[in-house]
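# Coordinate analysis (summary)
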Amino acid sequence: MSSSWLGEYLWADWIWFPEGYGWADLKDPDVVLPQLSDLWAFIPIAVCFLVLRPIFERWVAVPLASLLGVRDKKRASPPSNPVLEAHFCSVAKHPTQSALETLSKRADCSVRQVQRWFKLRRNQDRPSKIKKFQEASWRFTFYLFAFFAGLATLIDKPWFYNMKRMWDNFPKMPLLPSQYWYYMIELGFYVSLLVSVASDVKRKDFKEQIVHHIATILLVGFSWLVNYIRGGTLIMLAHDASDYLMESAKMFNYAGWKRTCNFIFVVFAVVFIITRLVIFPFCIIHATLVYPMTIYKPFFGFYFFNGLLLLLLALHVFWAGLIVRMVIKFLPGNDIVEDERSDKEETDSEDEDGSGERNRSLKNGHLHNGHAALNNNRRKMD
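These notes cover the structure that comes with them.

Reading guide: rules and limits
In this convention, every chain numbers its residues from 1, walking through the sequence in written order. Where totals are concerned, whole chains, interfaces and linings use all residues; where local detail is concerned, this predicted model gives features only for residues with pLDDT of at least 70, and gives and counts side-chain atom pairs only at 80 or more. Note that the side-chain values use all heavy atoms of the structure and ignore hydrogens as well as water. Each helix is a run of H or I in the DSSP string that is no shorter than four residues. Each strand is a run of E no shorter than two, and both are numbered from the N terminus. Throughout this description, buried means an accessible area under 20% of the type-specific maximum (1.4 Å probe, protein chains only), exposed means over 50%, and partly exposed covers the range between. Each accessible area is a Shrake-Rupley estimate made with a 1.4 Å probe; only the visible protein chains count as cover when residues are assessed. By definition here, a helix of n residues has an expected span of 1.5 Å times n minus one. Among the buried residues, those of types Ala, Val, Leu, Ile, Met, Phe, Trp, Tyr and Cys that are joined through side-chain atoms within 4.5 Å form a nonpolar core. The contact definition used throughout considers only heavy atoms, calling two residues in contact when any of these lie within 4.5 Å. Residues enter a patch when their relative accessible area is above 30% and they make no salt bridge; the linking distance is 9 Å between like charges and 5 Å between nonpolar side chains (Val, Leu, Ile, Met, Phe, Trp, Tyr). Every case where a carboxyl oxygen of Asp or Glu lies within 4 Å of a side-chain nitrogen of Lys or Arg is listed as a salt bridge. Each aromatic pair joins two rings of Phe, Tyr and Trp (for Trp, the six-membered one) with centres within 6.5 Å, and gets the label stacked for planes under 30 degrees apart, edge-to-face for over 60, and tilted for any other angle. Here, a charge over a ring is recorded when the distance from Lys NZ or Arg CZ to the ring centre is within 6 Å and its angle to the ring normal is within 35 degrees. Angles here are taken between N-to-C directions and fall from 0 to 180 degrees, while the axes themselves are lines fitted to C-alpha atoms, restricted in helices to the stretch in contact. Here the word oblique covers every angle except those under 35 degrees (roughly parallel), over 145 (roughly antiparallel) and from 65 to 115 (roughly perpendicular). Residues were grouped as follows: Ala, Val, Leu, Ile, Met, Phe, Trp, Tyr, Cys and Pro as nonpolar; Asp, Glu, Lys and Arg as charged; and all remaining residues, including Gly, as polar. In protein, a polar contact means a hydrogen-donor-capable atom and an acceptor-capable atom, both N or O and within 3.5 Å, with residues adjacent in sequence counting only if both atoms are side-chain atoms; elsewhere, any N or O pair within 3.5 Å suffices. Grid points spaced at 1 Å over the protein atoms alone were grouped into cavities, where a 1.4 Å probe fits but cannot get out, and pockets, open sets with protein on both sides within 12 Å along at least five of seven lines, with lining residues defined by an atom within 4 Å of a point. Grid points are joined across faces, edges and corners, and a volume is the space filled by probe spheres set on the points.

### Overview of the overall build of the chain
Across its full length, the chain carries 14 helices and zero strands. Along the chain direction, N to C, the helices and strands of the chain fall in the order α-α-α-α-α-α-α-α-α-α-α-α-α-α. Classification of the 382 residues of the chain by burial places 51% in the buried group. Accessible area for the chain stands at about 18500 Å²; split by element, carbon and sulfur atoms hold 66% of it.

The structure is reproduced here in structure tokens:
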């Protein structure tokens, strides 16, 4: 009895719809409207992405990497040492000074030798350049396809040019086949990203990326349930507009094509700022947050939806700060753009007494271990 009451309360019309509207409005036999059961289509689509990805990376990304000249530098292996290996795996990858001294006695070697062993061992765990290129190629391919598919879906729609019209005839707005597939493919892709996150290259904004994926999945699912589909397609298109540029910049970064990488990154930075810090808040969020208050009384679903949009906006501001910082860094010296979220390989030129670690810490402010960003998809490796 109590669970039945709770279910009725959670799905009450007044929670999810404006006054005078409800779930009954989404049940019209004469009009194709989004239904909860339709969402299950994302599961086989996500599975397809998970199956296709390793095939794509092996048979497309690897040959492309070879064509562009992506090469992995051979890494020296640390000598076998069970004592140091046990500490590395179960205690810490960056031992403290006191731990270094203790380990040097237990392993019967100098502190400098212990430090060098840990550096070599950490370098072994870092993702290879080929692996990073494979991941970037996969994301680039999807985001490029998604952007132009979304553009084709929206280019002839009146709410693409006047976003207030996304509320015309709400909530009985008919579902178009193009909108259905755009939604299911996007939802399936982001679910596949969430599933594969454990095996993906982990960068410094790992936690922010997880929040982004979850917020995106919630937004897509919720907007489908209450037929905010017109607004949802606009939001997805705004996000896809810059992502493929960022991934292509990373691909050329790994290939060492400095000028090409820098040029694409500048274009990406401009598109990112325009779509995510101008169009997204001042056009899309204005049409979902400000304009509806002139025609409807606020309700919980209204706050929930726009709360997720504001969370995404906060993440955009965070990433924009990293992007602007990188542009400022590489423009004067025309150096290659480095993914500030990536794990940098340690070299023997770094002082064995730990000054290399301190220099990287100072260089990156509060960001340790040389981590800092280009996208997409994380936290530091160590």
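### Some thoughts on helix α10 (residues 206-225)
Between its first and last C-alpha atoms α10 spans 29 Å; for 20 residues at 1.5 Å apiece the expected length is 28 Å, and the two agree. Most of α10 is tucked away: 15 of the 20 residues are buried. Among the residues trailing α10, Asn227 stands out with phi positive, at a value near 60 degrees.

### Focus on the nonpolar core
In this structure, Trp224, Tyr228 and Phe280 are the most contacted members of the largest nonpolar core, which totals 89 residues. Listed by contribution, the elements that provide at least two residues to this core are α2 (13-16), α3 (42-68), α7 (129-154), α9 (177-195), α10, α11 (229-255), α12 (258-290) and α13 (300-333). Those residues in contact with Trp224, other than ones at most four positions away along the chain, are Pro34, Gln35, Asp38, Leu39, Leu175, Tyr180, Tyr183, Met184 and Ile229. Phe88, Leu100, Leu103 and Ala107 belong to the second largest nonpolar core, which has nine residues in total.

### As for a nonpolar patch on the surface
On the surface, Trp40, Ile43, Val47, Val51, Leu52, Ile55, Trp59 and Val60 cluster together into a nonpolar patch covering about 820 Å² of accessible area. Within the secondary structure, Ile55 is located in helix α3.

### A closer look at the packing of aromatic side chains
Applying the stated criterion to the full structure yields 42 aromatic pairs. Where Phe142 meets Tyr143, the ring centres are 5.8 Å apart and the plane angle is 70 degrees; that geometry is what we call edge-to-face. Residue Phe142 shares its accessibility class with Tyr143, and that shared class is buried. The positively charged end of Arg58 is found above the aromatic ring belonging to Trp59, 4.6 Å away from the centroid.

### Here we look at the packing of helix α5 (residues 97-107) against helix α6 (residues 111-125)
Each pair of packed helices can be summarised by the angle the axes make with each other and by the distance between the axes. Look at α5 against α6: their axes get within 9 Å of each other, and the N-to-C directions meet at 110 degrees. Taken together, the axis directions place α5 and α6 in an arrangement best described as roughly perpendicular. Where α5 approaches α6, its residues Gln97, Leu100, Glu101, Leu103 and Ser104 are matched on the opposing element by Val111, Val114, Gln115 and Phe118. Per-class residue counts for the contact of α5 with α6 are five nonpolar, three polar and one charged.

### Describing the side chain of Arg276
Along the chain, Arg276 turns up in helix α12. There is a polar contact of 2.6 Å between the side chain of Arg276 and the side chain of Asp243. The contacts of Arg276, once residues within four sequence positions are left out, are Ala238, His239, Ser242, Asp243, Val271, Pro281, Leu313 and His316.

### Things to note about the environment of Trp167
Here Trp167 shows up in the loop between α8 (158-161) and α9. Once residues within four sequence positions are removed from consideration, Trp167 is found in contact with Tyr228, Ala287, Thr288, Tyr291, Pro292, Ile295 and Tyr296. A polar atom in the side chain of Trp167 sits 2.8 Å from the backbone oxygen of Ala287.

### Some words on empty space enclosed by the protein
Reported here for the largest cavity is a volume of approximately 140 Å³. Lining the largest cavity are 14 residues, with Thr216, Leu219, Val220, Ile235 and Met236 positioned closest to its centre. At the level of secondary structure, the elements contributing two or more residues to the lining of the largest cavity comprise α9, α10, α11 and α13. Element by element, the count of residues in the lining of the largest cavity is highest for α11, at five residues.

### So, the pattern of salt bridges
Scanning the model with the defined rule gives nine salt bridges in all. Ionic pairing is found between Arg53 and Glu135, a salt bridge with its closest N-O pair at 3.9 Å. With Arg53 in helix α3 and Glu135 in helix α7, this residue pair connects regions lying 82 residues apart in the sequence. The buried category is assigned to Arg53, whose relative accessible area is 9%.

### Here's the deal with unusual backbone geometry
Residues Phe170 and Pro171 are joined by a peptide bond in cis, for which omega reads 0 degrees. The topology assignment puts Pro171 in the loop between α8 and α9. With a phi close to 60 degrees, Asp108 is a non-glycine residue in the positive phi region. For Asp108, the location among the structural elements is in the loop between α5 and α6. A residue is classified by how much of its surface remains accessible, and Asp108, at 71% relative accessible area, is exposed.

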